[in-house]
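Here is what each chain is made of, one letter per residue.
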Amino acid sequence: MQPQQLDDEPTWASLSTREKASVAVGMTVLGLGIHAVLVLVVLAGVLVVAFLSSNLIEADSAGSLVWAVVLYLPCGLLAGVFAIPVRLAVRLTAVSDKIKCGAGAAMSATTTFLGALEPFQR
């Protein structure tokens, strides 16, 4: 049984290309915002630990701590943040179906590869 839709609620198919592009940009900004908040929280945790145990941890600069945080993030999250906007952009462009299919397969292979790397990250 399909859920009932309200008459004033638009569907994806009823949106124009401009509205779809606007949704893609909004979702990208939302994803990057969530990603930035996660990076800041983890970086704050790393900095607190580095400050509390400053005599045990030797770091060349603060840049090494930032890279430690970025490399600690799950590969699946990074793949999603960058792959979803690219996939939506490929679907919204007016290129041939063969190119859309090939680009979709390449994006799927890339995100699967990055997702498979995640268990080996730690």
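Residues numbered from 1 in each chain as written. Predicted model: local features only at pLDDT ≥ 70, side-chain atom pairs only at ≥ 80, totals over all residues. Heavy atoms only, no water.

For the chain, the helix and strand inventory stands at four helices and zero strands. Overall, the chain shows an N-to-C arrangement of helices and strands of α-α-α-α. Looking at the chain residue by residue over its 122 residues, the buried ones come to 14%. Total accessible area computed for the chain in this model is approximately 9300 Å², and 69% of it derives from carbon and sulfur atoms. (Helix = DSSP H or I, 4+ residues; strand = E, 2+ residues; numbered from the N terminus. Buried < 20%, exposed > 50% of the residue type's maximum accessible area, 1.4 Å probe, protein only. Areas by Shrake-Rupley, 256 points an atom, 1.4 Å probe, with all protein chains shown as cover.)

On to a nonpolar patch on the surface, then. Together, Trp12, Val23, Met27, Leu30, Ile34 and Leu38 line one region of the surface with nonpolar side chains, adding up to about 550 Å² of accessible area. Classification of Leu38 as partly exposed rests on a relative accessible area of 37%. (Patch = residues over 30% accessible without salt bridge, like charges linked within 9 Å, V, L, I, M, F, W, Y side chains within 5 Å. Salt bridge = Lys/Arg side-chain N within 4 Å of Asp/Glu carboxyl O.)

For the rest of this paragraph, the subject is the confidence of the model for the chain. Scored by pLDDT, the chain comes out at a mean of 75, with 77% of its residues at no less than 70. Mean pLDDT across the elements of the chain ranges from a minimum in helix H2 (residues 62-72), with 71, to a maximum in helix H1 (residues 17-52), with 81. (pLDDT = per-residue confidence, 0-100.)

Here the focus is the side chain of Lys20. Following the sequence through the fold, Lys20 ends up in helix H1. Buried and unpaired, Lys20 has Glu19 as its nearest opposite-charge partner, separated by 8.5 Å. Aside from chain neighbours lying at most four places away, what touches Lys20 is Trp12, Leu15 and Leu92. (Lys, Arg positive; Asp, Glu negative; His and termini not counted. Contact = heavy atoms within 4.5 Å.)

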